[in-house]
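# Fold and geometry: a report
If you want the building blocks of each chain, they are given just below.
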Amino acid sequence: MTLWRLLFILSVLGVGFFFFKDDPTLLSMQSSMEKMIKYRQIKYYPGILVPNPPQQVAARRPAFAHGKYELEPVAAFAIRGRVLSKKTYWFDRESGLAPIDLVLGWGPMSDEALLEKISFSQGLRHYSYDYDLGGMQVKTISNNSANIHFIAADQNIKNAIESIKEGDIIAASGLLVD
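Residues numbered from 1 in each chain as written. Predicted model: local features only at pLDDT ≥ 70, side-chain atom pairs only at ≥ 80, totals over all residues. Heavy atoms only, no water.

Within the protein, the regular secondary structure consists of five helices and nine strands. Helices and strands in the protein line up, N terminus first, as α-α-β-β-β-β-β-α-β-β-α-β-α-β. A total of 178 residues make up the protein; the buried ones form 28% of that total. Across the protein, the fraction of contacts at a sequence separation of at least 24, relative to all contacts at a separation of at least 6, is 65%. For the protein, the exposed surface amounts to about 12300 Å²; the carbon and sulfur share of it is 59%. (Helix = DSSP H or I, 4+ residues; strand = E, 2+ residues; numbered from the N terminus. Buried < 20%, exposed > 50% of the residue type's maximum accessible area, 1.4 Å probe, protein only. Contact = heavy atoms within 4.5 Å. Areas by Shrake-Rupley, 256 points an atom, 1.4 Å probe, with all protein chains shown as cover.)

Right under this line is the structure:
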């Protein structure tokens, strides 16, 4: 399939969605899909599940090639976190290198009692959140979560990243790179 044909098909689907987005059938389908996604999320009892923040130390390593990309190490990095959101990118500039972004949380952002009051979304390689926290400060969210663009070192790691679900507790280590 040529690129132009694919773009045409995507455009037609986008126009169709725009014109029929308020159709009760489509809204019902969307609602059913949201319920399926919510059903797949892993729920825990209240309490902090991941107490420690990520660790990083300046990297003193030379730049290296990864496929067709030249990567420059900035820091050695280790994190254990709860997956708050997951987004796969297909068509942006970075998707060939890092197709999956995960929003990870630690400390208070791994506590089910707090997370029940926050919803996350991702787009354009950033994450955002909507919350009903009462007196809790928004800095609690930003200081205890991060959107990470994962670059897999090999196919096994890529498969592992692809299998991650929202709610999983994961551990990862490697290099932060530019």
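Now that the structure has been shown, we can carry on.
Let's shift gears to the packing of aromatic side chains. This structure, assessed with the given rule, holds four aromatic pairs. With 6.0 Å between their ring centres and 50° between their planes, Tyr127 and Tyr129 make a pair best called tilted. According to the relative accessible area criterion, Tyr129 is partly exposed, its value standing at 26%. Taking the ring centre of Tyr89 as reference, the NZ or CZ of Lys87 above it sits at 5.6 Å. (Phe/Tyr/Trp six-rings, centres within 6.5 Å; stacked < 30°, edge-to-face > 60°. Lys NZ or Arg CZ within 6 Å of the ring centre and 35° of its normal.)

On to the nonpolar core, then. Core analysis: the largest hydrophobic core is formed by 14 residues, its most contacted members being Ile79, Val83, Leu102, Leu104, Ile148, Phe150 and Ile170. When contributions to this core are tallied by element, the ones reaching two or more residues are strand S4 (73-88), strand S5 (100-105) and strand S8 (145-150). Residues Leu84, Leu115, Phe120 and Leu133 belong to the second largest nonpolar core, which totals nine residues. (Core = buried A, V, L, I, M, F, W, Y, C linked by side-chain atoms within 4.5 Å.)

This brings us to the side chain of Glu112. For Glu112, the location among the structural elements is in helix H3 (residues 112-115). For Glu112, a relative accessible area of 4% puts it in the buried group. For Glu112, the side chain forms a polar contact with the main-chain nitrogen of Tyr44, separated by 3.3 Å. Once you skip the residues sitting within four places of it in the chain, Glu112 turns out to touch Ile42, Lys43, Tyr44, Tyr45, Pro46, Gly47 and Arg82. (Polar contact = N/O pair within 3.5 Å; in protein donor to acceptor, adjacent residues only side chain to side chain.)

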